[in-house]
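Secondary and tertiary structure notes
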Amino acid sequence: MAWINETHMRLALEQADLARLRGDMPFGAVITRHGEIVVTIMNGEGQDIDITAHAELLAIRQACQRLGRRDLSDCEIYASTEPCPMCSSAIFQSNIPRIAYAVSRDDLPHIFRARKIRIAQLAEDWDYTPDVVGGVLSSEALLAFDGLEKSHRVVPQFHSVQHRAVQHKTR
């Protein structure tokens, strides 16, 4: 893809490395506009004690504040790892048309659980068609996960068992 800038992805990977050094999961994000960097940021979940402090969400928040608007339709986002459903929804809600990520969840099955809903499926359900490209510098991105055995995420005991389908009661 012509719009992908490996230098910008490497900045996201550097942010991921910094997050790991401070004890967070190695996630980083960069938002650019017309080829210029708007935001570079690392995951802040552990540091901020905030489960919503994913790198992509923090990047979107800061980009909106710096640009003074919620519409980021003239921006790109580079993420070190495939955005989760929460981050994907925020990306689409802010109208970012180009999304590049390095590592897929499938590349790290010992860390990430399988998901049925992924960024590609969410992209199909939006009111515009974003360009989503995975695998950008993935071999470099995987280095940040060396030695990690399992996620640092909050995982209650019931997450280890199969969930039953939720039944909705009607009155």
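Residues numbered from 1 in each chain as written. Predicted model: local features only at pLDDT ≥ 70, side-chain atom pairs only at ≥ 80, totals over all residues. Heavy atoms only, no water.

The next thing to look at is the pairing of strand 3 (residues 75-81). In terms of burial, strand 3 is a largely internal element, seven of the seven residues being buried. Summarising the sheet, strand 1 (residues 28-33) and strand 3 pair through five bridges and their orientation is antiparallel. Within strand 3, the residue paired with Thr32 across the bridge is Glu76. For the handedness criterion, the β-α-β arrangement of strand 3, helix 4 (residues 85-93) and strand 4 (residues 98-103) is classed as right-handed. (Buried < 20%, exposed > 50% of the residue type's maximum accessible area, 1.4 Å probe, protein only. Helix = DSSP H or I, 4+ residues; strand = E, 2+ residues; numbered from the N terminus. Pairing = 2+ DSSP bridges. Right-handed = clockwise from strand over helix to strand, strands pointing away.)

A word on the packing of helix 3 (residues 55-67) against helix 4. Think of two packed helices as two axes; the pair is described by the angle between the axes and how far apart they sit. Where helix 3 contacts helix 4, the two axes come as close as 9 Å, and the packing angle between them is 25°. With respect to helix 4, the element helix 3 is oriented roughly parallel. Along this stretch, helix 3 crosses helix 4, giving a crossing that reads as left-handed. Of helix 4, the residues touching helix 3 (which contributes Glu56, Leu57 and Ile60) are Met86, Cys87, Ala90 and Ile91. Residues that form the contact of helix 3 with helix 4 fall into these classes: six nonpolar, no polar and one charged. (Axes fitted to C-alpha atoms, helices over the stretch in contact; angles between N-to-C directions. Parallel < 35°, antiparallel > 145°, perpendicular 65-115°, else oblique. Left-handed = near helix turned anticlockwise from the far one by under 90°. Contact = heavy atoms within 4.5 Å. Nonpolar A, V, L, I, M, F, W, Y, C, P; charged D, E, K, R; others polar.)

Looking now at the nonpolar core. With 50 residues, the main nonpolar core has Met9, Ile31, Ile60, Leu72, Phe92 and Phe145 as its most contacted residues. If you list the elements that add at least two residues to this core, you get helix 1 (6-21), strand 1, strand 2 (36-42), helix 3, strand 3, helix 4, strand 4 and helix 5 (119-124). Here this core gets seven residues from one element, more than from any other, and that element is helix 3. Those residues within four positions of Phe92 in sequence are excluded, and the remaining contacts are Ile99, Ile119, Leu122, Ala123, Trp126, Tyr128 and Pro130. (Core = buried A, V, L, I, M, F, W, Y, C linked by side-chain atoms within 4.5 Å.)

Moving on, we come to the side chain of Ser88. Within the secondary structure layout, Ser88 lies in helix 4. Polar side-chain contacts of Ser88 include one of 3.3 Å to the backbone oxygen of Pro83. Among residues more than four places away in sequence, those in contact with Ser88 are Pro83, Ile119 and Leu122. (Polar contact = N/O pair within 3.5 Å; in protein donor to acceptor, adjacent residues only side chain to side chain.)

Mapped onto the elements of the fold, Arg118 is located in the loop between strand 4 and helix 5. Placed 34 residues apart in sequence, Arg118 and Cys84 show a C-alpha to C-alpha distance of 7.0 Å. If we ignore the near neighbours within four places in the chain, the residues touching Arg118 are Glu82, Ser104, Arg105 and Asp106. Within the structure, Arg118 has its side chain in polar contact with the side chain of Ser104 (distance 3.1 Å).

Working note: α-helix, 3.6 residues per turn, so residues spaced by three or four point in the same direction. Taking 1.5 Å of rise per residue, the 16 residues of helix 1 would be expected to cover 22 Å, and the 22 Å separating its terminal C-alpha atoms lies within 8% of that figure. Among all positions in helix 1, only His8, Met9, Ala12, Leu13, Gln15, Ala16 and Ala19 are buried. Projected onto a plane normal to the axis of helix 1, the buried residues spread over an arc of 155° and lie on a single side. In helix 1, the exposed positions that point more than 90 degrees away from the buried face belong to Thr7 and Leu21. In this structure, the buried side of helix 1 is in contact with strand 1, strand 2, strand 3, strand 4 and helix 6 (138-142). Its side-chain oxygen at 2.8 Å from the backbone nitrogen of Thr7, Asn5 defines the N-terminal cap of helix 1. One or two positions beyond helix 1, positive phi appears at Gly23, with a value near 100°. (Expected span 1.5 Å × (residues − 1). Arc of directions from axis to C-beta.)

Here we have five strands laid out as an open sheet, ordered 2-1-3-4-5, and mixed in their pairing. Each edge of the sheet is formed by a strand with only one pairing partner; in this case those strands are strand 2 and strand 5 (131-133). Here the strands of the sheet are splayed against their neighbours by 15° on average, with no regard to which way each runs. Sheet topology places strand 4 next to strand 5; three bridges connect them, and they run parallel. Its bridge partner being in strand 5, Arg98 is matched across the sheet by Asp131.

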